[in-house]
Each structure stands twice: as C-alpha cells, then as structure tokens.
Amino acid sequence: PPTVHLSKDINQLCEEWEKSNLLVVNGCGIPVKYWGEFYKKGKGVKTAAWDALQVERGNWKFIAEEQQWYPDNASFWHAFGDENGKVFSYQQILNFSAVAQDANDARNFFGGNLDHPLAHGTFCYTKSSKTYLSSKDNTIVKKWHEFLTMHPDIVEQW
C-alpha cells in the first residue's frame, strides 16, 4: 500500500475514499475504499504492509462514511467542530463518534426514554434540590457503562 497517512488531512481522506490515484494499477487509480479488497486478493503481496495499514484504513472508512451523511464539507465540519468553529482532529472525530454511538445505544435500549423504570434513575441527577435527566452524551455514556456493570442481567438483554 502507498505510505500515506490520510489521517493528517480529513478532506483529502474523504476525496480519496471514492476516487484516488494514490494507488495505480495498470494505469487505473484504486479508490482507498477498495484497497482492502485489492490487497487481500493479491498473490505474493507483502501482507505485513497491509496488516500495518488495515486498522488505520478501518478508521479512515469510519470517517469517510460518516462524512457522506452530510450534504457538504461545511456541514460535516460544523458537526465535528467546537462552538468556536475550530474543527476536530482525526482522533477527536473518532472519539466523538464513539461517544455519540454509545449514548445512542443507551437511549435506544430504553426506547428513547432515559427515565424509563428499567434505568432505575441511573441517568438522573439532583441539583439545588431539583432532579434532572442527563442530556450530555459524555455523561450518558459514563452512566450507561456504570449501569451495565451494576446490572449484568440487563447486559444479557442487550
């Protein structure tokens, strides 16, 4: 595989995912999304080179496919940036997406209602004698993981 680290340029990664000349075979550019199929089927290919890139390519796939959900780059960077407009790094995008997925798993398990009786108040907190329901993904994920640890019977249902 070409020795390129697309993690340093997310926009290039998303472009090269569908159409690329980074890897050319018989005069044809192979899009990054097909590198895995190309190297897995190649005879005599150094598998160590592919093995080294395989995990990184999995992350590239995750980000490139995530970007495809947005109508344009501006929308993608709006979703993956902070309130000051600073765009997230490669690793921040991976982390942010994993947290969002875990939080959605918790919400989905309880049918969208984190105050569901099965949740046993796990996602509630008290502030100034008032009870509130957690809404921040990071907090929901932390409480979800604690909940799953304390309730192995729920893990079996999940």
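The sections below set out a description of the structure shown in this document. (Residues numbered from 1 in each chain as written. Predicted model: local features only at pLDDT ≥ 70, side-chain atom pairs only at ≥ 80, totals over all residues. Heavy atoms only, no water.)

1. Here's the deal with the pairing of strand 3 (residues 124-127)
- Of the pairings in the sheet, the one linking strand 3 to strand 4 (residues 130-133) comprises four bridges and is antiparallel in character. What sits directly across from Y125, in strand 4, is Y132. (Pairing = 2+ DSSP bridges. Helix = DSSP H or I, 4+ residues; strand = E, 2+ residues; numbered from the N terminus.)

2. A closer look at unusual backbone geometry
- Notably, S128 is not glycine yet its phi reads approximately 55 degrees, a positive angle.
- Even without being glycine, S129 reaches a positive phi, approximately 65 degrees.
- Topologically, S129 is positioned in the loop between strand 3 and strand 4.

3. With respect to the packing of aromatic side chains
- Under the definition given, this model contains 14 aromatic pairs.
- With a centroid separation of 5.7 Å and an interplanar angle of 75 degrees, the aromatic rings of Y70 and F76 are classed as edge-to-face.
- Residue classification places Y70 among the partly exposed residues on the basis of a relative accessible area of 24%.
- When its relative accessible area of 0% is taken as the criterion, F76 is described as buried.
- With 5.0 Å between their ring centres and 75 degrees between their planes, F76 and W77 make a pair best called edge-to-face. Of the two residues, F76 and W77, neither departs from the other in class, the shared state being buried. (Phe/Tyr/Trp six-rings, centres within 6.5 Å; stacked < 30°, edge-to-face > 60°. Buried < 20%, exposed > 50% of the residue type's maximum accessible area, 1.4 Å probe, protein only.)

4. Topic: the pattern of salt bridges
- A complete count under the given rule lists three salt bridges for this structure.
- Between K33 and E18 there is a salt bridge, with its nearest N and O atoms 3.0 Å apart. With a gap of 15 residues between them, K33 in the loop between strand 2 (28-29) and helix 2 (35-41) and E18 in helix 1 (residues 10-18) connect regions that are remote in the sequence.
- Residue K33 is classed as partly exposed on the basis of its relative accessible area, which comes to 23%.
- Among the ionic pairs, K61 bridges to E65, the shortest N-O distance being 3.5 Å. With K61 and E65 both in helix 3 (residues 47-67) and four residues apart, the pair spans about one turn of that helix. (Salt bridge = Lys/Arg side-chain N within 4 Å of Asp/Glu carboxyl O.)

5. Let's talk about the nonpolar core
- Formed by 23 residues in total, the largest nonpolar core has its most connected members in I10, W35, W60, I63, F76 and I93.
- If you look at the next biggest cluster of nonpolar residues, it comprises 13 residues, including F109, A119, I140 and F147. (Core = buried A, V, L, I, M, F, W, Y, C linked by side-chain atoms within 4.5 Å.)

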